[in-house]
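Coordinates in review
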Amino acid sequence: MIKIEIPNPDIVITKKLQLGEKVESVISSVYGFTDYHRIPRDKGGMILFFNKEEDLLFVGKARKLRPRVKKHFEDTVSPMKNNRDEIYKIAVFTVEDPMEREIYETYILNTLQSKYNIDKVFFK
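Everything quoted here is computed from the prediction, not taken from an experiment.

This part covers helix H1 (residues 65–74). Taken together, the buried positions of H1 are Leu65, Arg66, Val69, His72 and Phe73. Taken down its axis, H1 places every buried residue within 125° of arc, on the same side. In this fold, the buried residues of H1 make contact with strand S2 (45–50), strand S3 (56–62) and strand S4 (89–94).

Pasting the structure below:
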């Protein structure tokens, strides 16, 4: 039997509200995420989107993490396009091997029962 454990995220960013005076830099009023720079640009891995209740909304994998996370907020074909405002937390962990990313994606979305993934779902 193969034992798979979901790794702890390397980086977790959460939505922020604009607080304080106008001296602070303006936070995007649309999505509220400002810590994209903490996500590695040239590393591959897994992206997990959660809502405020810690329910998993979407699991994704990417060869380059930061551009892929940003693309989910800009792209018109992203599965999250109609639910972007529901995202409260983004968890990222690096996995360089493409086969391992594939295995983790399938395992995570079926174990945590991702809400918006439509492929690789066995729990329905």
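On to the environment of Phe73, then. Mapped onto the fold, Phe73 is located in helix H1. By relative accessible area, which is 7% here, Phe73 ends up buried. When the C-alpha positions of Phe73 and Asn83 are compared, they lie 9.8 Å apart, and in sequence the two are ten residues distant.

A few words on the pairing of strand S1 (residues 11–14). Burial along S1 is one-sided: Ile11 and Ile13 are buried, and none of Val12 and Thr14, which face the opposite way, are. Bridge count between S1 and S4: four bridges; the pairing is antiparallel. Counterpart to Val12 in the pairing with S4 is Ala91.

Thresholds, definitions, all that
- Residues numbered from 1 in each chain as written.
- Predicted model: local features only at pLDDT ≥ 70, side-chain atom pairs only at ≥ 80, totals over all residues.
- Heavy atoms only, no water.
- Buried < 20%, exposed > 50% of the residue type's maximum accessible area, 1.4 Å probe, protein only.
- Helix = DSSP H or I, 4+ residues; strand = E, 2+ residues; numbered from the N terminus.
- Arc of directions from axis to C-beta.
- Contact = heavy atoms within 4.5 Å.
- Pairing = 2+ DSSP bridges.

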